[in-house]
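Single-letter residue listing:
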Amino acid sequence: MAEGGHSLNVSCSICFEDYKTPKVLTCGHTFCCQCVSKMVGRNSSLQCPTCRKDISLPESGKVEDFITNFALLNLISDNEKIKESGDDPPLKVDPGRECPQHKSLTKFYCKSCKKLVCTECLLQEHKPDKHTIATSSDIAVILSGELQKHLQKLQLYENERNSLGEKISEGFRCYEQDKKRIQVRVNIVLERKKEMLRKSAEDLIHKLNRKAKEHTGAYTDLQAKLNDLCALSSKINEKCDDLHHHLKNCHLSHASELTEEISKHLVTLAAATESLKDNCQSTPMRVGFNFSPDEAECQLGKLHKVCNTPTILQRKDKCRGFLE
């Protein structure tokens, strides 16, 4: 606010009217945005009307992109409120402008120490022969220059922050795209794997059914051979009964023939029984495979091996001929 509530002169030094959108040049002086625009030459050059320094336009080339003097806008707002109220209270010294050591008004600025000083300070701690001293009229220019530097740094940090924000947004967008792409690929591979496993399972089930038929035929053949052995055994029993009858009736000639015939049948029965015993021992009583869903792929490979082993039909021929 204005000191002590007094209204201040906040008019532009070009148009002599109250500031309208005050812009701070790089030299630290402030002018209306419209006034600065009128001063820009054909080659986009600009010279400060106060200090005559050459001023470069912002990178955009627009006067509007010079930093706005918000502190001055606040002073203009306070000044308008004071004018509207009509009050003019007694002038008070701003505590911020009072030297804490000598209790005097600080009218100078020590550039070496970067602090406001009073007349007593110049005679003691801040002697002009050892310190660089600026008058009160230069203080605003110096501080405005510092403000300009701070605002420029702030602008750089804001630009960097915006750039980082864009990078973060881009990174997140790329991550989401990669995630969706990988999910699609995983689903494709999963479906292909499912189809492969389904076809493999169907093929194995077909082979297993075929093998079961082969085993069924083999067991049927063995059962038939066993039935033949039973029939041969019954036939030998009948021959033994006949032999007993002939011996009882002293028919020795018939008894001799029956004895020789029974001996031949017993040899045949012994050979066929031994052969059938070997085939029964070499014939698996079970498939030899238990399927577990948790180890599907590994066990499907084992089932392939089981289904591709020689079958009982390829081994049953060993006993063929004994009973035929």
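What counts and what doesn't
- Residues numbered from 1 in each chain as written.
- Predicted model: local features only at pLDDT ≥ 70, side-chain atom pairs only at ≥ 80, totals over all residues.
- Heavy atoms only, no water.
- Helix = DSSP H or I, 4+ residues; strand = E, 2+ residues; numbered from the N terminus.
- Buried < 20%, exposed > 50% of the residue type's maximum accessible area, 1.4 Å probe, protein only.
- Contact = heavy atoms within 4.5 Å.
- Areas by Shrake-Rupley, 256 points an atom, 1.4 Å probe, with all protein chains shown as cover.
- Pairing = 2+ DSSP bridges.
- Expected span 1.5 Å × (residues − 1).
- Salt bridge = Lys/Arg side-chain N within 4 Å of Asp/Glu carboxyl O.
- pLDDT = per-residue confidence, 0-100.
- Core = buried A, V, L, I, M, F, W, Y, C linked by side-chain atoms within 4.5 Å.

Looking at an unreviewed UniProt entry, one finds the protein chain named Tripartite motif-containing protein 3, with Holothuria leucospilota as its source organism.

**Details of the overall build of the protein chain**
Scanning the protein chain from terminus to terminus reveals 7 helices and 8 strands. Across the 324 residues in the protein chain, those meeting the buried criterion constitute 26%. Considering only contacts within the protein chain whose residues lie at least 6 apart along the sequence, 51% involve residues at least 24 apart. Summed over all atoms, the accessible surface of the protein chain reaches about 22700 Å², with 55% contributed by carbon and sulfur.

**Some points on the environment of Leu147**
Its place among the elements puts Leu147 in helix 4 (residues 136–248). Remark: the alpha-carbon pair of Leu147 and Gly28, spanning 119 residues in sequence, is separated by 8.0 Å.

**A short note on the sheet that holds strand 2 (residues 30–32)**
Here 3 strands make up an open sheet; going across it, the order is 2-1-5 and the pairing antiparallel. Of all the strands in the sheet, the pair left with one neighbour each is strand 2 and strand 5 (67–68). Pairing analysis gives 2 bridges linking strand 1 (residues 22–24) to strand 5, with the strands arranged antiparallel. The residue bridging Val24 from the neighbouring strand is Ile67, located in strand 5.

**Examining helix 5 (residues 252–282)**
Taking 1.5 Å per residue, 31 residues should reach 45 Å; helix 5 reaches 45 Å between its end C-alpha atoms and fits that length. Within the sequence span of helix 5, burial applies to Ala255, Leu258, Ile262, His265, Leu269, Ala272, Ser275, Leu276 and Asn279.

**Describing the pattern of salt bridges**
Within this structure, the stated rule accounts for 11 salt bridges. Notably, a salt bridge pairs Asp203 with Lys207, separated by 3.5 Å at the nearest N-O pair. With a gap of 4 residues between them, Asp203 and Lys207 both fall in helix 4, about one helical turn apart. A cluster of three or more residues bridged by salt bridges with shared partners is formed by Glu195, Arg198, Lys199 and Glu202.

**Details of the confidence of the model for the protein chain**
The predicted model of the protein chain has a mean per-residue pLDDT of 76, with 76% of residues at 70 or higher. Across residues 1–7 the pLDDT falls below 50, and counting only partners more than four positions away or on other chains, this stretch makes 22 contacts in the model. For residues 88–93, every residue scores under 50 in pLDDT, and the model assigns this stretch 11 contacts once sequence neighbours within four places are set aside.

**Some thoughts on the nonpolar core**
Counting residues in hydrophobic clusters, the biggest one holds 17 residues, and the most contacted among them are Leu25, Val36, Leu46, Ile55 and Phe66. Counting residues per element, the ones that place at least two in this core are strand 2, helix 1 (33–39) and helix 2 (70–85). Top element by residues in this core is helix 1. It accounts for 3 residues. Beyond its immediate sequence surroundings of up to four residues, Phe66 is in contact with Lys23, Val24, Leu25, Val36, Leu46, Ile55, Ser56, Leu57 and Pro58. Counting 11 residues, the second largest nonpolar core, distinct from the first, contains Leu222, Leu229, Leu258 and Ala272.

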